[in-house]
Amino acid sequence: TLMGTRVFVASSTGEFRGLMLPPGSDYTLTVTAPGFQTVTLPSRVQVNQPTAISVAVVPASGAVVEVVANSTILDTKAVGAQANYTAEANDRFPVNRTYQDMMGLAAGVQAYQNPMALGGRSTENAYLEDGVDTTDPSMATFSLNLNEEAIQEVQVLTTGVSAEYGRFSGAVSNVVTKSGSNEFQGSIRYEFSNVGWNANKPYAPTPGMNYVDTPFLSLSGPIVKDKLWIFASAQIPSNSSVQTTMGRIGEPGVSYDRKFKADPAWYSVKLTWQINQDHLLALQATGDPAKINAKQYGNDTDYETTTWQKQGGNFMSLAYRG
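Conventions used here
Residues numbered from 1 in each chain as written. Predicted model: local features only at pLDDT ≥ 70, side-chain atom pairs only at ≥ 80, totals over all residues. Heavy atoms only, no water. Helix = DSSP H or I, 4+ residues; strand = E, 2+ residues; numbered from the N terminus. Buried < 20%, exposed > 50% of the residue type's maximum accessible area, 1.4 Å probe, protein only. Areas by Shrake-Rupley, 256 points an atom, 1.4 Å probe, with all protein chains shown as cover. Pairing = 2+ DSSP bridges. Phe/Tyr/Trp six-rings, centres within 6.5 Å; stacked < 30°, edge-to-face > 60°. Core = buried A, V, L, I, M, F, W, Y, C linked by side-chain atoms within 4.5 Å. Contact = heavy atoms within 4.5 Å. Polar contact = N/O pair within 3.5 Å; in protein donor to acceptor, adjacent residues only side chain to side chain. Salt bridge = Lys/Arg side-chain N within 4 Å of Asp/Glu carboxyl O.

Some words on the overall build of the protein chain
Along its length, the protein chain carries two helices and 20 strands. Here the protein chain holds 322 residues, and the buried ones make up 37% of them. By element, 56% of the accessible surface of the protein chain is carried by carbon and sulfur atoms, the whole surface being about 18,600 Å².

Focus: the pairing of strand 2 (residues 38-45)
Each regular strand carries side chains that alternate between the two faces of the sheet. Two elements, strand 1 (residues 24-31) and strand 2, share six bridges in a ladder whose sense is antiparallel. The partner of Thr 30 across the bridge, within strand 2, is Thr 40. Remark: six residues form the turn of the hairpin made by strand 1 and strand 2, two consecutive strands paired antiparallel; Gly 35 in that turn has positive phi of roughly 85°.

Here we look at the packing of aromatic side chains
If you walk through the whole model with that rule in mind, you get three aromatic pairs. The interplanar angle of 70° and the centroid separation of 6.4 Å between the aromatic rings of Tyr 99 and Tyr 127 together place this pair among those described as edge-to-face. Linking Tyr 99 in helix 2 (residues 99-103) with Tyr 127 in strand 7 (residues 126-129), this pair joins segments that are 28 residues apart in sequence. Judged by its relative accessible area of 1%, Tyr 127 falls in the buried class. A ring pair is formed by Tyr 99 and Phe 142, whose centres lie 6.4 Å apart and whose planes are at 85°; its orientation type is edge-to-face. Of this pair, Tyr 99 sits in helix 2 while Phe 142 sits in the loop between strand 8 (132-133) and strand 9 (151-157); the two residues are 43 residues apart in sequence, bridging distant segments of the chain.

So, the sheet that holds strand 10 (residues 172-177)
Reading across from one edge, 4-9-10-7-8 is the order of the five strands in this open sheet, with mixed pairing throughout. In this open sheet, the two strands that pair with only one neighbour each are strand 4 (82-86) and strand 8. The pairing of strand 4 with strand 9 spans five bridges and is classified as antiparallel. Within strand 9, the residue paired with Gln 82 across the bridge is Leu 157.

Let's talk about the nonpolar core
Formed by 18 residues in total, the largest nonpolar core has its most connected members in Tyr 99, Val 154 and Val 156. The contacts of Val 154, once residues within four sequence positions are left out, are Ala 83, Asn 84, Tyr 85, Tyr 99, Met 102, Ser 173, Asn 174 and Val 175.

Considerations on the side chain of Asn 84
Relative to the elements of secondary structure, Asn 84 occurs in strand 4. Using a relative accessible area of 16% as the deciding quantity, one classes Asn 84 as buried. Only 3.4 Å separates the side chain of Asn 84 from the backbone oxygen of Val 47, close enough to count as a polar contact. Among the polar contacts listed, one links the side chain of Asn 84 to the side chain of Glu 153, at a separation of 2.8 Å.

Quick word on the environment of Ala 232
With respect to the helices, strands and loops of the structure, Ala 232 is situated in strand 13 (residues 228-235). A relative accessible area of 29% places Ala 232 in the partly exposed class. Sequence spacing of Ala 232 and Ala 150 is 82 residues, and the spatial spacing of their C-alpha atoms is 7.8 Å. Residues in contact with Ala 232, not counting those within four places in the same chain, are Leu 217, Ser 218, Leu 219, Ser 268 and Val 269.

Topic: the environment of Ala 107
Among the structural elements, Ala 107 can be located in the loop between helix 2 and strand 5 (109-110). For the pair Ala 107 and Ala 83, spaced 24 residues apart in sequence, the C-alpha to C-alpha distance is 8.6 Å. Excluding anything up to four places from it in sequence, Ala 107 contacts Leu 118 and Thr 158.

Some remarks on the pattern of salt bridges
Inspection of every chain in the model, using the stated rule, returns six salt bridges. The partner of Asp 91 in a salt bridge is Arg 97, and the shortest N-O contact between them spans 3.3 Å. The class of Asp 91 is partly exposed, set by a relative accessible area of 39%. Across the pair Glu 149 and Arg 97 runs a salt bridge whose closest N-O atoms are separated by 3.0 Å. Taken together, the residues Glu 149 in the loop between strand 8 and strand 9 and Arg 97 in the loop between helix 1 (87-91) and helix 2 connect sequence positions 52 residues apart. Considered together, Glu 149 and Arg 97 belong to a single accessibility category, that of buried residues.

As for unusual backbone geometry
Phi is positive for Asn 48, close to 50°, though the residue is something other than glycine. With respect to the helices, strands and loops of the structure, Asn 48 is situated in the loop between strand 2 and strand 3 (64-66).

Remarks on the side chain of Ser 218
Along the chain, Ser 218 falls in strand 12 (residues 209-224). For Ser 218, a relative accessible area of 8% puts it in the buried group. Of note is the side chain of Ser 218, whose polar atom sits 2.5 Å from the side chain of Ser 187. Discounting chain neighbours no more than four positions away, the residues touching Ser 218 are Glu 149, Gln 185, Gly 186, Ser 187, Phe 231, Ala 232 and Ser 233.

Any link to function would need more than the numbers given here.
Here it is as C-alpha cells:
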C-alpha cells in the first residue's frame, strides 16, 4: 500500500541507509546477498525519526527465512521529548481526531482549540505541515484546520527540541499528510453527536454545543504505478450551538443559535511524483474554508443584522526532495 519498491545497496560492512521514505506501518524489508538466505521482516517508518534495523543472515540452503519481529523505533541520538501518533491510532478515536487534539495526547500539552504546552501560552507553539511552517503570522496560533482524513502521522516535540525549528517556546506540531499508493483505497466516515444525548448532571448545563454533523470522504491511488500518485480527502463540518450574550445592565442576556459550517468543505489534495529513486516532487493544496455567524458579545449589538464571518484559509506547497 506504499509507494512502490525502493532498493538500497549495503556497504561492505553490511550497513545501509534508506532515505526519503514516507511514514507508514506497511513496509516489508527484504535482504538479499549472494550465497545467503533471503530474509524478510515487517518494518515501520515514523515521521522525522530514524528507524534502526539489524538483520542477521545465514548461509544459503535454498530456503527463505521470515523473521517475525518489528524494527526498533527509537532515535538513539535524540535528547528531547517527542511523541508520534499515526493515522491507524487516530482512526480508533470516535471524536476529537484533529491534529490539535492529537497534540493533547503528549505529556505536558493541554489541547483545546489552541493547545498550550509546558505551561506556555497558546501563541508559543510552532505548526508544520509536510515540513512547511503554517503558524499564523498575525496571531501566532495554528492557521489551518486540516481535515482529519488527510493526517498520516503527527509528531509532537516538547523539550530538548533542535534549534532548526526556531521561534517557539511551547511545542512543535509536525504533521505529515497522506499520499497516494500503488493500490486504490478510500474511506467514508460520518460523525454525529447531540448534547441532548448527554447524561443528566447535578448542575444545569451552561449554553453550549447542540449538535455536530460531519461527513468525511477520502480516495487515493496510482495515476502511473510506481511513479505518480494522488490522494484527495474532504471533511464537511457543520455544528450549531446555543450562546448567550451579555445583556445591558439590569437586563438578561440574549440567547441565539450560533452556527458554524464549511463553505464548501475542508479539503486536501496531494500529487506525488517519484522522478526516480533519489528525486521526489510533491504538490499539495489544503484548505479549510469555513464561516460562522458573527454574533458579537456586547451591550449594543444588533442581533438581526450581524453577518457571517469568514474563517480558515488555504495552503499550497510544492516540495522537492532529493
